[in-house]
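Letter by letter, the chains look like this.
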There are 4 protein chains.
Amino acid sequence: MNIRKRTWEIVEASTSGDRASRIFDISILSLIFLNVIAVIIGSVQSVQERWGAALNVFEALSVLVFTVEYLARLWSCTTDPQFRSRFRGRVRLAFRAMSIIDLLSILPFYLPFLGIDLRFLRVLRLLRILRVAKVGRYYSSLNLIKHVFQSKKEELLLTSALMGLLLVVSSSLLYYCENAAQPDTFSSIPATMWWSVATLTTVGYGDMYPITLMGKFFASIIAILGIGMFALPTGIIGAGFVEAIQKKKGQHVCPHCGKELHQ
Amino acid sequence: MNIRKRTWEIVEASTSGDRASRIFDISILSLIFLNVIAVIIGSVQSVQERWGAALNVFEALSVLVFTVEYLARLWSCTTDPQFRSRFRGRVRLAFRAMSIIDLLSILPFYLPFLGIDLRFLRVLRLLRILRVAKVGRYYSSLNLIKHVFQSKKEELLLTSALMGLLLVVSSSLLYYCENAAQPDTFSSIPATMWWSVATLTTVGYGDMYPITLMGKFFASIIAILGIGMFALPTGIIGAGFVEAIQKKKGQHVCPHCGKELHQ
Amino acid sequence: MNIRKRTWEIVEASTSGDRASRIFDISILSLIFLNVIAVIIGSVQSVQERWGAALNVFEALSVLVFTVEYLARLWSCTTDPQFRSRFRGRVRLAFRAMSIIDLLSILPFYLPFLGIDLRFLRVLRLLRILRVAKVGRYYSSLNLIKHVFQSKKEELLLTSALMGLLLVVSSSLLYYCENAAQPDTFSSIPATMWWSVATLTTVGYGDMYPITLMGKFFASIIAILGIGMFALPTGIIGAGFVEAIQKKKGQHVCPHCGKELHQ
Amino acid sequence: MNIRKRTWEIVEASTSGDRASRIFDISILSLIFLNVIAVIIGSVQSVQERWGAALNVFEALSVLVFTVEYLARLWSCTTDPQFRSRFRGRVRLAFRAMSIIDLLSILPFYLPFLGIDLRFLRVLRLLRILRVAKVGRYYSSLNLIKHVFQSKKEELLLTSALMGLLLVVSSSLLYYCENAAQPDTFSSIPATMWWSVATLTTVGYGDMYPITLMGKFFASIIAILGIGMFALPTGIIGAGFVEAIQKKKGQHVCPHCGKELHQ
């Protein structure tokens, strides 16, 4: 039972003072990082040809470590009051967002042995990149940003809805304006959506652009409205940070009389 | 009279607790959403060929529902004290922004039977997309964003005017710089405006760009000034959100007498 | 003397209640606006061919009006205590930013009779567009934006300097990286500056882009640093607006005890 | 000893009232500025051909001045209590960020005499541009911006990490989507990173863009997420400026006892 408890302490995020847990955290983090690098570098043709075998070995080894870590977590979690129940506790742990990411980052390696179509796997393989997301767990300052997004969730969702609306209206508008002049590029409303996204986000690749007078006129208005796509979320998030800072300072205590200050 | 009152309650935005009204709202919302999807998908050639007939039937059915809803609203509105008068009340209802959008989203379907030129109709058809705008009515959080925009209306209008000025000045400047070198692309000031919009909004399609030294010099300055086109509205809107939040919190305490201030 | 005083009252910005002055302001404003439209439209070849003569007449007439207005202002200004002195007062008026713009917007029309080279004049002609700037005088809300920019002048200047530094460093860096691979496009540091501006402002026309590995690596870093070119001025201006709003509210009086609140 | 002390006073940033030090500062600043201009202009082929010799002389002279300044600083620094120790004080001075920049901006000139490969030197030469960074030392208002960045360091670093994560995920995703359709442009994940940077920063050169349906779909999502790359740092920096301003104003009053709070 002591081993199980110690395993859980080590495998979970380190508390200050626990040296073994900290070393474990840093090691796993480094391995995740190296693995991501390996996936990226392995996609280069010339690298694959020369070091393909070595990369495959490294891939297999790191998946092994990640599997052991995943199982160790599942095995030891019952010592935590949060996951005390043998079955239900483990299921609850397994369905934490981070655990799902962990599983998905290991699974694609084992699936080919199950006789699944390889082309489907090619899309699954990129899930390994999700291992990077694990890094997020080690940052506590993520909380402030998280808090700002959560407190402004409604406004940001609404802004997204307005953007979606603008996207649909602008795509329809430009389709009707440009379809006759450029039937191949502005072939349908969904095809025009690609143009709308590139314009509203101000990316502007230049593979699609209006050529008719009407099209250019409406495209200009859409491009200018696209400024709002930056101004609104930026303003909302900025105000959220100001608010979060003021809340933290709020409820100070007066150094003279010792009473609380309601901001 | 009871039926009329009940109809009005159902057709208008639901108050909490009224189940029939809520089901009606969600149904209409779903139908609007499906209809928008149908318009978008219907613009794809291959979809039109296969499911064109089905989409036309769905179009006709949904327009029927929207028409019934529109007429039901007009018929029942007299039970509301706001629109009590038989004629003037209905006219007032019909001229609410939302009612006009409702009507414009139905009308294009009936207009072809009036023998109007079809090409003109093609532009009108895209008005059906305005049905999407109806969705906005169901969001109450729209109010904060609305409030911020209204309280900052003057500054935002002024910023727009400054942008318009910058647009005209930059278009004229680039036209005089580039016209001699690229008479086909920078053919006139209005034609150069397309370049100015693409540059000031930082979209930059790449279909038009200066090639002369003078043109590149002024274009650089214009592109840098274009940053202000994002900084100014973003700053104004951000300050508006901060202000709106602080107003909500208001109720400070006077440092002299200790009583609450209703700001 | 009475006529001179009345002229000055009419010609200067209207005070509330003075009807003649207001009508004059609106008329001049409309004429300026129409004149700008005429300049823009006149640059279109087909319009110039058909209505060129009419546009020239309109041009001559509006310049006449603007000249009369300019001279009327110079003649009548001595009734204002600010410009009381016959000569020095008029000189001071003539050197107000707005007066210089007024003069520059008329002068190009008279200059051709002086036998000056016409090609030089073509650049001067675009100064007529400065008439648009006169519109700014009529907006009082311009003051808040002006105030924010003035109170943040130092920080914004510093940001501009940082941008300039980034521009020079990135241009030099990319020049050394890309010159060997693309000697025609990345031909010199000044030529590469055009790429830097397009990248740092995120316009990205696509007429110049790195192709070497080193070039793409540094260009990526530069493009990401370019985000700061939006974040810094936007943050500074946003904070300026928040500050301006709080200052306006500051120095309220407590409704209970009547004492001033230092915010 | 007096000469050494006076040298240090002159060579270091001027204190108000010391005229000689100020003249020295402005002279060095001007020379740095002229030198940067010379480097930029010297990269233009035609300028190099005509004034190449003169530029080389100017280069040699300015490097001489910068060397004398650098040595004077090293020699005289021992009069400052901060660098009192003969050897350790001088080493500490030499390792100040500004001193390293100073040295790196002189060194490339002397290195060719050491028989080092000239092609390697071509990359080193651009370090001369670092002289521009020296200008930063002369601005005291840099402090506010510095302070904002330092107080928000953690959040900005986290945002950078999120950007890095987004960069890796989006590159992998697009690589798997587009590699089959465009094996030459989307050849590997590192190659796709160039596309990701251009899209997330909304530069969008147009040299790489997805053509498959899947690729365009994910690219749209990535481009929209790219808005966050502007909204997050802008919001954080904006909040930092608001906070810095309020701290300056601080010194609120306790609502209970009326005494001042040093925040």
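Residues numbered from 1 in each chain as written. Chains lettered and ligands numbered in written order. Predicted model: local features only at pLDDT ≥ 70, side-chain atom pairs only at ≥ 80, totals over all residues. Heavy atoms only, no water.

Looking at a nonpolar patch on the surface
Stage number 1. A contiguous nonpolar patch, built from Phe87(B), Val91(B), Phe95(B), Ile100(B) and Leu104(B) and spanning about 490 Å² of accessible area, is present on the exposed surface.
Stage number 2. The residue Val91(B) is located in helix H4 (residues 88-94) in this model. (Patch = residues over 30% accessible without salt bridge, like charges linked within 9 Å, V, L, I, M, F, W, Y side chains within 5 Å. Areas by Shrake-Rupley, 256 points an atom, 1.4 Å probe, with all protein chains shown as cover. Salt bridge = Lys/Arg side-chain N within 4 Å of Asp/Glu carboxyl O. Helix = DSSP H or I, 4+ residues; strand = E, 2+ residues; numbered from the N terminus.)

A closer look at the packing of aromatic side chains
Stage number 1. As enumerated under the stated definition, the model contains 28 aromatic pairs over all chains in all.
Stage number 2. Ring geometry for Phe217(B) and Phe218(B): centres 5.4 Å apart, planes at 70°, overall edge-to-face.
Stage number 3. Given the relative accessible area of 52%, Phe217(B) is considered exposed.
Stage number 4. A connected cluster of aromatic rings, assembled from ring pairs, spans Phe230(A), Phe230(B), Phe230(C) and Phe230(D). (Phe/Tyr/Trp six-rings, centres within 6.5 Å; stacked < 30°, edge-to-face > 60°. Buried < 20%, exposed > 50% of the residue type's maximum accessible area, 1.4 Å probe, protein only.)

Quick notes on the pattern of salt bridges
Stage number 1. The full count for this structure, using the stated rule, is 12 salt bridges over all chains.
Stage number 2. Between Glu9(B) and Arg6(B) there is a salt bridge; the shortest N-O distance is 2.8 Å. Of this pair, Glu9(B) and Arg6(B) both sit in helix H1 (residues 2-11), separated by three residues, roughly a single helical turn.
Stage number 3. On the accessibility criterion, Glu9(B) (36% relative accessible area) is partly exposed.
Stage number 4. For Arg6(B), a relative accessible area of 34% gives the class partly exposed.
Stage number 5. Across the salt bridge formed by Arg73(D) and Glu69(D), the nearest N and O atoms sit 3.0 Å from each other.

A short note on the confidence of the model for chain A
All names here are of chain A.
Stage number 1. Per-residue confidence for chain A gives a mean pLDDT of 78, with 79% of residues at or over 70.
Stage number 2. Per-element confidence in chain A ranges from a low mean pLDDT of 40 for helix H6 (residues 118-125) to a high of 91 for helix H9 (residues 189-200).
Stage number 3. Here residues 115-138 is a poorly scored stretch, pLDDT under 50, and it has 49 contacts once near neighbours within four places are set aside; other chains count. (pLDDT = per-residue confidence, 0-100. Contact = heavy atoms within 4.5 Å.)

Some points on the nonpolar core
Stage number 1. One finds Trp195(A), Trp195(B), Trp195(C) and Trp195(D) to be the most contacted residues of the largest nonpolar core, which totals 75 residues.
Stage number 2. Trp195(A) has contacts with Ser170(A), Leu174(A), Phe186(A), Met208(A), Tyr209(A), Pro210(A), Ala219(A), Ile222(A) and Tyr205(B), leaving out every residue within four places of it along the chain.
Stage number 3. Ranked by size, the runner-up nonpolar core spans 60 residues in total, among them Leu144(A), Ile245(A), Ala244(C) and Leu144(D). (Core = buried A, V, L, I, M, F, W, Y, C linked by side-chain atoms within 4.5 Å.)

Remarks on the environment of Asn2(D)
Stage number 1. Tracing the backbone shows Asn2(D) in helix H1 (residues 2-11).
Stage number 2. Along the backbone, Asn2(D) and Trp195(D) are 193 residues apart, and their C-alpha atoms lie at a distance of 61 Å.

Considering helix H10 (residues 189-200) of chain D
Residues and elements named next belong to chain D.
Stage number 1. If you check H10, its first and last C-alpha atoms are 15 Å apart, about what 12 residues at 1.5 Å a residue would give, namely 16 Å.
Stage number 2. Counting buried residues in H10 gives nine out of 12 residues, a clear majority hidden from the surface.
Stage number 3. Within the span of H10, buried status applies to Ile189, Thr192, Trp194, Trp195, Ser196, Val197, Ala198, Thr199 and Leu200.
Stage number 4. One or two positions beyond H10, positive phi appears at Thr202, with a value near 60°. (Expected span 1.5 Å × (residues − 1).)

Digging into unusual backbone geometry
Stage number 1. Residues other than glycine seldom take positive phi values, yet Thr202(B) does so here, at roughly 60°.
Stage number 2. Note on Thr202(B): relative accessible area 1%, which makes it buried.

Some details on the packing of helix H2 (residues 19-42) of chain A against helix H3 (residues 45-76) of chain A
All names here are of chain A.
Stage number 1. Close contact between H2 and H3 brings their axes to 10 Å; oriented N to C, the two are set at 145°. The interaxial crossing formed by H2 with H3 has left-handed handedness. Of H3, the residues touching H2 (which contributes Phe24, Ile28, Leu31, Ile32, Leu34, Asn35, Ala38, Ile41 and Gly42) are Val47, Gln48, Leu55, Phe58, Glu59, Ser62, Val65, Phe66 and Glu69.
Stage number 2. Per-class residue counts for the contact of H2 with H3 are 12 nonpolar, four polar and two charged. (Axes fitted to C-alpha atoms, helices over the stretch in contact; angles between N-to-C directions. Left-handed = near helix turned anticlockwise from the far one by under 90°. Nonpolar A, V, L, I, M, F, W, Y, C, P; charged D, E, K, R; others polar.)

Focus: the side chain of Thr201(C)
Stage number 1. With respect to the element layout, Thr201(C) can be found in the loop between helix H9 (189-200) and helix H10 (213-249).
Stage number 2. When its relative accessible area of 1% is taken as the criterion, Thr201(C) is described as buried.
Stage number 3. With sequence-adjacent residues up to four places away left out, Thr201(C) is seen in contact with Thr202(B), Ala223(B), Ile224(B), Ile227(B) and Phe230(C).

A short note on the environment of Ser187(A)
Stage number 1. Within the secondary structure, Ser187(A) is located in the loop between helix H8 (153-178) and H9.
Stage number 2. The partly exposed category is assigned to Ser187(A), whose relative accessible area is 31%.
Stage number 3. The contacts of Ser187(A), once residues within four sequence positions are left out, are Tyr175(A), Asn179(A) and Ser43(B).

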